Amino acid sequence: MSSVLNIPIINYHKISDQSDIGITSRKPRDFQNDLTVLVDLGYQTITFRDLALERSLPPKPVILTFDDGYQSVLENAYPLMEKFGFKGVVYMPTDFIGKTNDWDVQFAGMRFGHLSQDDLRFLHRQGFEIGSHGCSHRSLTDMKLDEARKELETSKAKLEAILSDTVYSISYPFGRFNIPVLQFAKKSGYRFGVTAIFFRAGQWNGYNPLALRRLNIYRMDSRKAVELKLRKQFHSFFAYRDWLIQKGSLATVLWQKWFRTK
Ligand SMILES: [Zn+2]
């Protein structure tokens, strides 16, 4: 069986022509190109649910994840993926189901809609996996441990009630985790957890199924860059650039920490 640690996991946020101040929104046309690169390289999508249920896997599995549960996943990504027979994993911060984003400082003044309960049920019926992205989209390592435990448990229970199904995986907000968070995630019944850590050449993932590495594809990534990333010829330029981008998301964490009391 191919180990989960060797399966490439690609992360997206919004799939939209609408540009935001951040760079995580990928244009639908570029996203479609990414899908053709995956097909050309022989990849087929699976979900963590498939792994948890020990379903038989295709020879070259890949996992496509979408953080933050934006409506653009349903509107723009899903129709393209359906054409290719692809499915993905959507990570939803449960406090924002059916609402707009007001948690992300990067998009100050810009509002993007989140998926509704019905949207989540629809995607789930189409074979997509719906995973937790916490409740409030705050960093789990920058709050009291008891609060972090509640976020892990409550978000899981809420999604399970909506979907009438087990939730198997979590994407830690801002990719931030530590040992206690991993332990609580495991205790709460999560089987897989994804982070925002870029990978180094020849190493896709970490060694813990609750702290898996992901490859981010950003707005400006060319077809060549996507191919390089997927072929694991991860040029140090991309590694360094993506690391800087991850550092950039720290600004949001600090903003939440200092200016928001909850
Ligand atoms: Zn997020």
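## Some points on the coordination of the zinc ion
Protein coordination at the zinc ion comes from Asp68 (OD), His133 (NE2) and His137 (NE2), with a distance range of 2.0 to 2.2 Å. Sequence spacing of the donor residues for the zinc ion, all on one chain, is D-x64-H-x3-H. Here Asp68 is found in the loop between strand E3 (61–67) and helix H3 (71–84), whereas its partner His137 is found in the loop between strand E5 (129–132) and helix H5 (145–163), with 69 residues between them in sequence. Residue Asp68 is classed as buried on the basis of its relative accessible area, which comes to 5%.

## Observations concerning the packing of aromatic side chains
Counting across every chain of the model gives eight aromatic pairs. Between the aromatic rings of Phe31 and Phe66, the centroid separation amounts to 6.0 Å while the plane-to-plane angle is 65°, which identifies the pairing as edge-to-face. Here Phe31, found in helix H1 (residues 28–40), pairs with Phe66, found in strand E3; they are 35 residues apart in sequence, far enough to count as distant. Phe66 shares its class with Phe31; the two are buried. Among the aromatic residues, those joined into a ring-pair cluster are Tyr12, Phe31 and Phe66. The ring of Tyr43 carries Lys60 above its face, with NZ or CZ at 4.5 Å from the centroid. Over the face of the ring belonging to Tyr190 we find Lys156, whose NZ or CZ atom lies 5.7 Å from the ring centre.

## A look at the side chain of Ser25
When you line up the elements, Ser25 lands in the loop between strand E1 (9–12) and H1. At a separation of 3.3 Å, a polar atom in the side chain of Ser25 contacts the main-chain carbonyl oxygen of Ser16.

## Observations concerning the nonpolar core
Counting residues in hydrophobic clusters, the biggest one holds 49 residues, and the most contacted among them are Ile10, Phe31, Leu38, Leu64, Phe66 and Met81. Ranked by the residues each element gives to this core, the list is headed by H3, at six residues. Leaving out residues up to four positions away in the same chain, Met81 has contacts with Phe31, Leu35, Leu64, Phe66, Phe86, Lys87, Gly88 and Phe128.

## A word on the environment of Thr166
By secondary structure assignment, the location of Thr166 is in the loop between H5 and strand E6 (169–171). Judged by its relative accessible area of 37%, Thr166 is partly exposed. Thr166 sits 36 residues away from Ile130 along the chain, and the two C-alpha atoms are 9.4 Å apart. Setting aside residues up to four positions removed in sequence, Thr166 forms contacts with Lys156 and Glu160.

## Describing the confidence of the model for the chain
Mean pLDDT over the chain stands at 84; residues scoring 70 or higher make up 77%. Segment residues 200–205: pLDDT under 50, and 21 contacts once partners within four positions in sequence are set aside and those in other chains are kept.

## Notes on H3
A rise of 1.5 Å per residue sets the reference length of H3, with its 14 residues, at 20 Å; its end C-alpha atoms lie 20 Å apart and thus fit the reference within 8%. Along its length, H3 reaches its greatest deviation from straightness, about 45°, at Ala77, and the proline Pro79 lies no more than four positions downstream. What H3 keeps buried is the set Ser72, Val73, Leu74, Ala77, Tyr78, Leu80 and Met81. For H3, the elements touching its buried residues are H1, E3, strand E4 (89–92) and helix H4 (117–125).

Scoring rules and cut-offs
- Residues numbered from 1 in each chain as written.
- Predicted model: local features only at pLDDT ≥ 70, side-chain atom pairs only at ≥ 80, totals over all residues.
- Heavy atoms only, no water.
- Donors = N, O, S within 2.8 Å, 3.2 Å for Na, K, Ca; no water.
- Helix = DSSP H or I, 4+ residues; strand = E, 2+ residues; numbered from the N terminus.
- Buried < 20%, exposed > 50% of the residue type's maximum accessible area, 1.4 Å probe, protein only.
- Phe/Tyr/Trp six-rings, centres within 6.5 Å; stacked < 30°, edge-to-face > 60°.
- Lys NZ or Arg CZ within 6 Å of the ring centre and 35° of its normal.
- Polar contact = N/O pair within 3.5 Å; in protein donor to acceptor, adjacent residues only side chain to side chain.
- Core = buried A, V, L, I, M, F, W, Y, C linked by side-chain atoms within 4.5 Å.
- Contact = heavy atoms within 4.5 Å.
- pLDDT = per-residue confidence, 0-100.
- Expected span 1.5 Å × (residues − 1).
- Bend = angle between axes of the 7 residues up to and from the residue.

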